[in-house]
Each structure stands twice: as structure tokens, then as C-alpha cells.
Amino acid sequence: MAATMRRFVLLYWRRKTGFFPALPASTNPMVQHSRCCSSANPDESSPINQKSAIMAAAEERRKKFDTLIQSEREAYERGKRHLANMMGEDPATFTQADVDRALAYLLPSGITDKRARPVMKPPEEYYPPMKAGQHGPDGRPLHFLFYTRNPQYYELMHNTYSELLKVVHIERRKIAAGILESDMEAIDLARSEWINKDELEQRCIEGISEEQYSRFLALLERITQQPYAKEAEEYVWQFRNKMQAISKREKQPIQYDESGRGFAFGKGMKKSARASVIIRDQGSGKVVVNNTSFVKFFPELQNRVQILFPFNFVNMVNRFDVEATVEGGGHTGQATAIRHGISLALSNHFVDEHTVEQMRQAGLLTRDPRIRERKKPGRKGARAKFPWKAR
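Presented here is a report on the structure given in the accompanying data block.

What counts and how
Residues numbered from 1 in each chain as written. Predicted model: local features only at pLDDT ≥ 70, side-chain atom pairs only at ≥ 80, totals over all residues. Heavy atoms only, no water. Core = buried A, V, L, I, M, F, W, Y, C linked by side-chain atoms within 4.5 Å. Buried < 20%, exposed > 50% of the residue type's maximum accessible area, 1.4 Å probe, protein only. Helix = DSSP H or I, 4+ residues; strand = E, 2+ residues; numbered from the N terminus. Salt bridge = Lys/Arg side-chain N within 4 Å of Asp/Glu carboxyl O. Axes fitted to C-alpha atoms, helices over the stretch in contact; angles between N-to-C directions. Parallel < 35°, antiparallel > 145°, perpendicular 65-115°, else oblique. Contact = heavy atoms within 4.5 Å. Arc of directions from axis to C-beta. Polar contact = N/O pair within 3.5 Å; in protein donor to acceptor, adjacent residues only side chain to side chain. Pairing = 2+ DSSP bridges.

### Overview of the nonpolar core
Across soluble globular proteins, nonpolar side chains have a tendency to be buried as a group. Ile279, Val289, Phe298, Ile307, Ile338, Ile342 and Leu346 are the most contacted members of the largest nonpolar core, which has 31 residues in total. Sorting elements by how many residues they give to this core places helix 12 (residues 331-349) first, with 7 residues. Met157, Ile195, Leu220 and Tyr235 belong to the second largest nonpolar core, which has 25 residues in total.

The structure is reproduced here in C-alpha cells:
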């Protein structure tokens, strides 16, 4: 009895203070309290008409991503028009190749690594793609592997395993029919490699671990090892990248002049200097540059040392006579160009493969890619500025 009276007093106080709306007339006070606490519009709280918080958050993220891509695309098109106007070309026919060429001209850089140079690309190329909505209007996941955390990856594994089963079933049917062939043609995977982990993540649009990547490759390897793997060749090649063919330079035969002396040609470059070099075997170490002794042509000792360095490197000093023709550049660039030409001539005819590899590691067979940095507008030179004057 006392508990019932306390309940009535509490409900009466709440109704007077306005904490709850007025209760409808009813004989059961607990029913009144439950009706008070219920929603005024029951249709809004139904799971069919009200989207879940997860769906709302996903839609909000997708909307922000689309807005970002749209704004970045507008900025890219605006920048491309400005570049076209600066280069004096038509913006309507200004392609991405023209954009790269304009940036290389307007913003020259001495950095050899292309990844460190300024670029301007469409936003779709450097923003990672975003997944579409993962839930339907009723709030349920659209993908049947949604709760695996990596639905796209496991769907790919499922499809790959289906290809393996297809190949295995073909072999079993052949065995059952007694027509199994002994020499089946395998998939030719030469000059190709499996896609790397980053490329697989881009295809799945989700992150994967190293273990998952290894499992996927192992499953593909199992397909290639089957006798009838040729049936799944088209599917396997979806995950192979063709490697650029690197042809090994064949060693050319030594040419001989009228006197029976072997000789070889070589062309070297450094900045704007171009050199054509002929080395003749059974010589005395004589070096002639533009019909002039290299001692007179290069007064600095450092340049003469650069020219003779390839012979010192392969222990063939005073064995060859050198005839070089050089043009463009300064003395330092010309000496480096001649050294490059001598190194190429030696590697083509007079040294073995092991020595060629040592010369390559020493940098004798590689052209120096550095060039003179151009003068910038509003500056005295490439980087030097005009002196500042107060008046």
C-alpha cells in the first residue's frame, strides 16, 4: 500500500512540474508512465523508415569524397587552362602530356628522381578510390561477405578457387573418360611477374595483409601447376604484369683497319658536349682531340686525368691510341664526354663481361644525367637573385 502511494505521488509531481506531458486518463498508472515515455510518432522509429547510423555515416563520407573530387577536378581544369595560356596554346586541345611539358619548362628542376619533381595530375590518379555504399535501404549489408572485414578480397579468393576447381574438374573428367593427355601445354609466364601488394589493394579497394597477399599468390600458383591450367590462362593473366624486355648487349666483333690494328667506336655525352671517339689497339697511348694533342687542348691536369681514367681502370694504359672529335660545352664537359665514349668503346670489344660489370658499377658506362639549370624569370641566374636596393 505504501509503495502504491509513493508511485502515485511521484507521477503527480512529474505531471505538475512538466517533466513529462500530461498523462491520459487510465486506471493503471504504470500504463500511463509507459505511454508517456513512448515516442510521439511511432512511424519515425520503425527500422524500415529510419536509416541506421552506419548508413548515414557512410553516405556522409561518400558525399564529402565526391565534393572533394569535384573541387579538385575544377582546380585541375582551371590550372590546365592557365598553363595553356602561359604556353600560348589552345586550352581545348591541351592534353596531360602538354601539362607535363609545360611544368618541366616553367618549373625546371635539377632533381634526377622524377617522383620529387612538381606534377599536376587529375585527382582520380592520386586520390585512392572510395567504396560505394555497403548497405541497402533497409540497413542490411549488400555484400554477402560483408562481415569478413575484407569482402572484396575474399570474393576474389572465392573466384580464384572456383577457377582452380574448374581446372581440376576438367582433369577428372578426362581421367574418367580415359583420354588424359600426357603433354599438355602450360601457361607461358615468361617475361612477366605477379602484381604487387599495392596493386592488389587498389583492385580490392581495401587494405590487405602480407599473409593474405601470400595466400592469394599461392592459390594462383596452384592453378598454373595444374595439367589443364591453359583453360584458366585468361583469368591468370589478369594478375600478371609484363616485364619490360632488357636485351643484353651483344659483344660486337673487333674491326680491323688496313694495317691490321683493331679499333672500336664510342659516343659520349655530358650536358651539351658531344664526343665521337675511336680507339686503336697496338698503340702507344697517344690521345688526339680535334686534331690537337690533348695536352694542348686541355691545359688543366684534371681534365686529362678524366680522359685517361678508363684505361687506368682496366689496366690498359699505353695500349690504345685515341682519336676524339668533340663539340659543345666547356672543357670539363668535353673531357667527361670523351671519357664516356672511351668507356663504351672498351666495353664493346676489348674487355670481358666481368670487367664490363665493374665499369658499370663505377659509373663509366652511364651518362651523367645532370644538365645546366636554366635561368629563372626575375632572377640574375638559375638561383642567384639581383641585389636588393633600398632606393
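### A look at the pattern of salt bridges
Close approach of charged atoms allows side chains of opposite charge to pair. Counted under the stated rule, the structure contains 20 salt bridges. Arg215 is the partner of Glu211 in a salt bridge, and the nearest nitrogen-oxygen pair spans 2.6 Å. Taken together, the residues span about one helical turn, with Glu211 and Arg215 both in helix 8 (residues 210-224) at a distance of 4 residues. Classification of Arg215 as partly exposed rests on a relative accessible area of 44%.

### Some points on the packing of helix 11 (residues 301-313) against helix 12
One way to put it is that helix 11 packs onto helix 12 with a least axis distance of 8 Å and a crossing angle of 10 degrees. Between helix 11 and helix 12, the interaxial angle falls into the category roughly parallel. Counting all contacts with helix 11, which are made through Asn303, Gln306, Ile307, Phe309, Pro310 and Phe311, the residues of helix 12 involved are His331, Thr332, Ala335, Ile338, Arg339, Ile342, Ser343 and Leu346.

### Considering helix 7 (residues 197-204)
Taken as a whole, helix 7 has its buried residues at Lys197, Leu200, Glu201 and Cys204. Angularly, the buried residues of helix 7 cover 100 degrees about the axis, an arc narrow enough to put them on a single face. Facing away from the buried side of helix 7 by over 90 degrees, the exposed positions are Asp198 and Gln202. Where the residues of helix 7 are buried, they touch helix 6 (151-177) and helix 8. Two to three positions downstream of the cap, the backbone nitrogen of Asp198 sits 3.3 Å from a side-chain oxygen, assigning the N-cap of helix 7 to Asn196. In the segment just after helix 7, Ile205 is the residue with positive phi, at about 55 degrees.

### Quick word on the side chain of Glu163
Within the secondary structure layout, Glu163 lies in helix 6. Taking the relative accessible area as the measure of exposure, Glu163 reaches 18% and is therefore buried. Among the polar contacts listed, one links the side chain of Glu163 to the side chain of Lys166, at a separation of 3.1 Å. Discounting residues that sit within four places of it in the chain, Glu163 has contacts with Ile223, Ala232 and Tyr235.

### Digging into the pairing of strand 8 (residues 321-327)
Bridging between strand 5 (residues 273-280) and strand 8 involves 7 bridges; their strand directions are antiparallel. What sits directly across from Arg274, in strand 8, is Glu327. In terms of strand pairing, strand 6 (residues 287-289) meets strand 8 through 3 bridges, oriented parallel. Bridge pairing in strand 8 places Val287 opposite Val322.

### Re the sheet that holds strand 3 (residues 255-256)
Read from one edge of the open sheet, 6 strands run 3-4-5-8-6-7, paired in mixed fashion. If you trace the sheet from one side to the other, it starts and ends with strand 3 and strand 7 (292-293), each paired once. Seen against the sheet, helix 12 touches strand 4 (262-270), strand 5, strand 6 and strand 8 and runs at an angle of roughly 140 degrees to strand 4.

### Quick notes on the environment of Arg339
Along the chain, the position of Arg339 falls in helix 12. In contact with Arg339, not counting residues within four places along its chain, are Gln306, Phe309, Pro310, Gly363 and Leu364.

### Observations regarding the environment of His143
In this fold, His143 is placed in the loop between helix 5 (123-126) and helix 6. The exposure class assigned to His143 is buried, which follows from its relative accessible area of 17%. Sequence separation of His143 and Glu155 is 12 residues, and the distance between their C-alpha atoms is 9.4 Å.

### Focus: unusual backbone geometry
Although it is not a glycine, Arg149 adopts a positive phi angle of roughly 75 degrees. Of note, Arg149 is situated in the loop between helix 5 and helix 6. Overall, Arg149 belongs to the exposed group, its relative accessible area being 75%. A positive phi angle, close to 55 degrees, is found at Lys271, a residue other than glycine. Positionally, Lys271 belongs in the loop between strand 4 and strand 5.

Interpretation in functional terms is not warranted from these geometric data alone.
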